[in-house]
Every structure is written in C-alpha cells, then in structure tokens.
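# Descriptive analysis of the structure
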Amino acid sequence: MSMHDSTFEYLPLPALSWAAPSPAQPLPPPSPNRAFLHAYALANLPEFYAWADGSHTLRLAGCGRDQPLCRVYLCTLPDHSRLGLIENVQDDYQDPLTGLDTLRSLRLDLAAHPGNVGLALLDVDDFKAVNDAHGHAAGDAVLVTLAELLRANARLWNARAYRLGGDEFVLLSAETLEPTRLRGLQTLFRHSAAQSGLEVRGFSYGLSGAPRNDQSLCDLLEQADAQLMRQKLERRGTRTAPFCRTLRDTPHIPKS
C-alpha cells in the first residue's frame with residue numbers, strides 16, 4: 001500500500017504496513033509526533049515479522065535513553081498484507097510521583113531477560129517516622145530524592161529502577177549488582193536528603209540474582225527481602241525480627 005493511501009490518512013496512531021516478503025513501511029499519523037520513531041525501531045526488529053496478530057507490549061530500544069514501553073496491535077488484512085499500530089503506553093507503566101517504572105513494567109522487563117539477572121530490593125529506613133514527624137509532603141520528597149539517585153545510577157550500572165509501592169524500590173540488571181555500589185548509594189541518599197533539610201537514616205537493601213530458569217519474580221524478591229530484613233535488623237542493632245512478612249501475601253507483589 002502507498003503511504004498516500006487514504007486508508008492511512010485518518011489512523012490515530014503511527015503504523016506499519018507490509019506485504020510479505022516486503023519489509024515494513026512506516027506510515028506517519030496525520031500529525032507526526034515523537035511516537036513515529038517507534039515505527040522505525042519496530043521495522044528494524046527481525047522477530048517482529050513473525051509475531052501473531054493481536055496485542056504485544058515491549059520496551060523499544062533505539063527510541064531515546066529511557067526506551068519507552070509500547071503496545072503494538074497487529075492484524076492481517078483481507079489481501080494478506082499486514083498492519084501494525086504502535087501506541088506509546090509508558091505512562092500506564094510509570095509511577096506518577098517518582099517517574100520510575102512500576103511493578104507492571106518490572107514484570108515485563110524480567111520476562112524479557114533471556115539470561116542471568118541481578119536484582120536489588122530497597123526499603124527506606126524508618127520511613128513512617130519521617131511522615132509522622134514532618135508530614136507526607138516531606139515523605140514524598142524523600143521518595144523522589146531516592147528515585148532520582150536510583151535512576152541516575154541505574155544508567156551507569158546497566159540497570160533499570162522501579163518503584164514497587166510505598167517506600168520499596170527495585171533495581172534490575174542483566175549483571176550482578178555489587179554490594180559496594182549499594183553502600184555508596186546509601187551515603188549519597190543521606191547526603192542528598194540532608195541538603196533538602198531532611199534527616200533520614202538511609203535505606204536497607206537485599207540482593208538476589210540467578211540464571212532465569214524457573215525463578216519467578218516473586219522468588220527473586222523473596223530472596224532479596226530476606227537479606228534486606230537481616231540488614232535492617234543489623235542497622236537497628238537488634239537480632240530478632242519484630243514480625244515476619246511473606247512477600248507472597250503482600251497485595252502489590254506478584255504471586256507467580
């Protein structure tokens with residue numbers, strides 16, 4: 001089909017059209033926008049042409065530093081040519097307070113890792129005390145400060161940062177995450193918060209990592225959480241846990 005075909009004149013989203021074995025041809029929406037770059041990125045993915053009709057969500061490389069999540073709607077037309085519509089859905093997978101990706105995005109990204117992964121689970125120390133003493137606006141400022149540090153350092157560590165909910169954050173990497181990096185980040189966090197007039201003890205963290213194999217996201221998070229709780233107790237100077245939690249029973253943590 002021609003780029004001037006009236007079929008595409010009123011499409012609401014950037015599109016791809018091709019007739020096998022021809023390569024896909026990007027078709028711009030009526031008002032070209034940044035999302036049109038996603039069509040070019042998809043056209044250069046060899047595996048894209050074997051995808052079945054239906055909806056597919058993926059993170060697109062080559063579309064800027066943040067590699068947005070996009071949803072592709074594929075269908076086969078009556079003449080056996082194929083059409084794909086590309087929608088930027090990054091906002092649906094992004095935490096409105098910190099701008100970090102959410103648990104939904106973490107699930108997708110972990111599933112896309114074919115090999116080994118490194119995961120760090122972080123939890124702000126005594127976060128409730130910050131809210132109680134200074135108010136929730138101050139608590140939000142603490143979360144944003146930590147999120148900005150995680151985002152900046154994740155780019156240096158071949159990792160990506162996520163906010164699970166509350167004061168819990170995750171780093172996911174295709175490489176092993178070294179404890180020395182997290183310890184340095186603890187110091188940076190305290191200093192950054194202090195510059196904003198807030199005193200925080202820092203954060204505790206736990207690490208996990210393994211070949212993907214049959215390890216679910218919940219398995220990796222529970223391994224990291226067990227280490228996190230041990231560190232939190234050490235930082236408190238206690239030896240026994242005041243309570244025992246199971247991530248599988250926490251509403252925002254996946255159970256498989």
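The structure we're discussing is the one just above.
All of these numbers come straight from a predicted model, not from anything done at the bench.

Moving on to helix 5 (residues 179-195). The end-to-end C-alpha distance of helix 5, which contains 17 residues, comes to 25 Å, matching closely the 24 Å that a straight helix rising 1.5 Å per residue would cover. For helix 5, the full list of buried residues reads Leu-182, Leu-185, Gln-186, Phe-189 and Ala-193. For helix 5, the arc enclosing every buried residue in end-on projection is 115 degrees, short of the 170-degree limit, so these residues lie on one face. Of the exposed residues in helix 5, the ones pointing more than 90 degrees away from its buried face are Thr-180, His-191 and Gln-195. Among the residues trailing helix 5, Gly-197 stands out with phi positive, at a value near 85 degrees.

Looking now at the side chain of Asp-109. One can find Asp-109 in helix 2 (residues 103-112). In this structure the side chain of Asp-109 is engaged in a polar contact, spanning 2.7 Å, whose partner is the side chain of Arg-59.

A few words on the pairing of strand 8 (residues 168-173). Of all six residues in strand 8, six are buried; the element is thus mostly enclosed. A two-sided burial pattern is seen for strand 8, the buried positions comprising Glu-168, Val-170 and Leu-172 on one face and Phe-169, Leu-171 and Ser-173 on the other. Direction of pairing for strand 7 (residues 159-165) relative to strand 8: antiparallel, over a ladder of six bridges. Bridging from a neighbouring strand, Arg-160 pairs with Leu-172 of strand 8. Between strand 7 and the antiparallel strand that follows it, strand 8, lie two residues; Gly-166 among them carries a positive phi value of about 55 degrees.

Glancing now at the packing of aromatic side chains. Evaluation of the coordinates by the stated rule reveals six aromatic pairs. Their ring planes at 50 degrees and their centres at 5.2 Å tell us that Trp-18 and Phe-48 sit as a pair that is tilted. Placement of Trp-18 in strand 1 (residues 15-18) and of Phe-48 in the loop between helix 1 (36-43) and strand 3 (54-59) is noted, with a sequence separation of 30 residues between them. Across the pair, exposure class does not vary: Trp-18 and Phe-48 are buried alike. Among the aromatic residues, those joined into a cluster by ring pairs are Trp-18, Phe-48, Tyr-49 and Trp-51. Over the ring of Tyr-93 we find Arg-104, and its NZ or CZ is 4.1 Å from the ring centre.

The rules behind each value
- Within each chain, residues carry numbers counting from 1 in the order of the written sequence.
- Predicted model: local features are reported for residues with pLDDT of at least 70 only, side-chain atom pairs are reported and counted for 80 or more only, and whole-chain, interface and lining totals are derived from all residues.
- Hydrogens and water are ignored here; the side-chain numbers use all heavy atoms of the structure.
- Under the DSSP-based scheme used, a helix requires at least four consecutive residues in state H or I and a strand at least two consecutive residues in state E, with every element numbered from the N terminus.
- One less than the residue count of a helix, multiplied by 1.5 Å, gives the span that helix is expected to have.
- Three labels apply to residues, based on accessible area from a 1.4 Å probe with only protein chains included: buried if under 20% of the type maximum, exposed if over 50%, partly exposed otherwise in between.
- Note that the arc is computed from the directions linking the helix axis to the C-beta atoms.
- Whenever a nitrogen or oxygen atom comes within 3.5 Å of another N or O atom, the pair is scored as a polar contact, on the condition that within protein one atom can donate a hydrogen and the other can accept it, and that pairs from neighbouring residues in sequence are kept only if both atoms are in side chains.
- Pairing between strands is defined by DSSP: at least two bridges between them are needed.
- Here a pair means two rings of Phe, Tyr or Trp (six-membered ring of Trp) with centres within 6.5 Å. Their orientation is stacked below 30 degrees between planes, edge-to-face above 60, and tilted elsewhere.
- The criterion for a charge sitting over a ring is simple: Lys NZ or Arg CZ within 6 Å of the ring centre, and within 35 degrees of the ring normal.

Geometry only, nothing functional implied.
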